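# Structural description and commentary
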Amino acid sequence: MKRQAKIIRSNEDGSVVVCIDVQNYKPILEFLTKDARHKKKFNFIVNLVLQRIRNTEVYDKEDINKKSKGVTAMKFFKGQSNDRIYCKEQTIKDRTFVIIMAELLEKKKSQGINQKTKNLIEKVAGYEYEIIE
């Protein structure tokens, strides 16, 4: 079954959009609005993404194996709480580049990828999305 993702931001010409998974909307939104610090970091990451500026310190591919294709992570407060929002990237028919915030991982404990994190990344890679307004 396809999951649904709702558009929350787009760049000026609409060629890049950021969406949020409808099923995980509540925990992700609660995390992002927890305090001004979270909101500020999120806006910083999204603005970079919408401008297609690469900054691997805050947003990067999660290429851990062949199953993780198209999965990226928004990285919040590395070296501190090390929270992550795992995203699925895809391009839709009209050539719009879509980033879907799919799963929240708070307080990533290890520098590497443990089994729990690996399973989460592979789960996100398997998601198929229908984009809604």
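None of the values given here were measured: they were computed from a predicted structure. (Residues numbered from 1 in each chain as written. Predicted model: local features only at pLDDT ≥ 70, side-chain atom pairs only at ≥ 80, totals over all residues. Heavy atoms only, no water.)

## Observations concerning the nonpolar core
As a rule of thumb, soluble globular proteins bury nonpolar side chains together. Grouped together as the largest cluster of nonpolar side chains are 23 residues, with contacts concentrated most on L32, M74, F76, I85 and M101. When residues of this core are traced back to their parent elements, those giving at least two are strand 2 (16–21), helix 1 (25–32), helix 2 (36–50), strand 4 (71–76), strand 5 (83–91) and strand 6 (97–105). The greatest single-element share of this core, amounting to 6 residues, is contributed by helix 2. Setting aside anything within four residues of it in sequence, one finds M74 in contact with F42, I45, V46, V58, Y59, D83, R84, I85, C87 and M101. Formed by 16 residues, the second largest nonpolar core is a distinct cluster that contains A73, Y86, A102 and V124. (Core = buried A, V, L, I, M, F, W, Y, C linked by side-chain atoms within 4.5 Å. Buried < 20%, exposed > 50% of the residue type's maximum accessible area, 1.4 Å probe, protein only. Helix = DSSP H or I, 4+ residues; strand = E, 2+ residues; numbered from the N terminus. Contact = heavy atoms within 4.5 Å.)

## As for the layout of surface pockets
Within this model, the largest pocket holds a volume of roughly 240 Å³. Lining the largest pocket are 13 residues, with I53, R54, Y59, E89 and F97 positioned closest to its centre. Broken down by secondary-structure element, the contributors of at least two residues to the lining of the largest pocket are helix 2, strand 3 (59–61) and strand 6. Among the elements that take part in the lining of the largest pocket, strand 3 stands out by supplying 3 residues, more than any other. Here the lining of the largest pocket is built from residues that sort into 6 nonpolar, 2 polar and 5 charged. (1 Å grid on protein atoms, 1.4 Å probe; cavity = no way out; pocket = protein on both sides within 12 Å on 5 of 7 lines; lining within 4 Å. Points joined across faces, edges and corners; volume = space filled by probe spheres on them. Nonpolar A, V, L, I, M, F, W, Y, C, P; charged D, E, K, R; others polar.)

## Details of the packing of aromatic side chains
Per the stated rule, a full pass over the model turns up 3 aromatic pairs. Taking the centre distance of 5.1 Å and the plane angle of 90 degrees together, the rings of F31 and F76 count as edge-to-face. Taken as a pair, F31 in helix 1 and F76 in strand 4 lie far apart in primary sequence, 45 residues in all. Owing to a relative accessible area of 0%, F76 belongs among the buried residues under this scheme. An aromatic cluster is present here, built from F31, F76 and F77 joined pairwise through their rings. Sitting above the plane of the Y127 ring, R3 keeps its charged end 3.9 Å from the centroid. (Phe/Tyr/Trp six-rings, centres within 6.5 Å; stacked < 30°, edge-to-face > 60°. Lys NZ or Arg CZ within 6 Å of the ring centre and 35° of its normal.)

## Describing the pairing of strand 1 (residues 3–10)
Note that strand 1 and strand 7 (residues 129–132) share 4 bridges and pair parallel. Bridging across to strand 7, R3 finds its partner in Y129. Where strand 1 meets strand 2, 5 bridges bridge the pair, whose relative direction is antiparallel. Following the sheet pairing, R9 is matched in strand 2 by V18. Linkage of strand 1 to strand 2, two consecutive antiparallel strands, is achieved through a turn of 5 residues, within which G14 is found at a positive phi near 75 degrees. (Pairing = 2+ DSSP bridges.)

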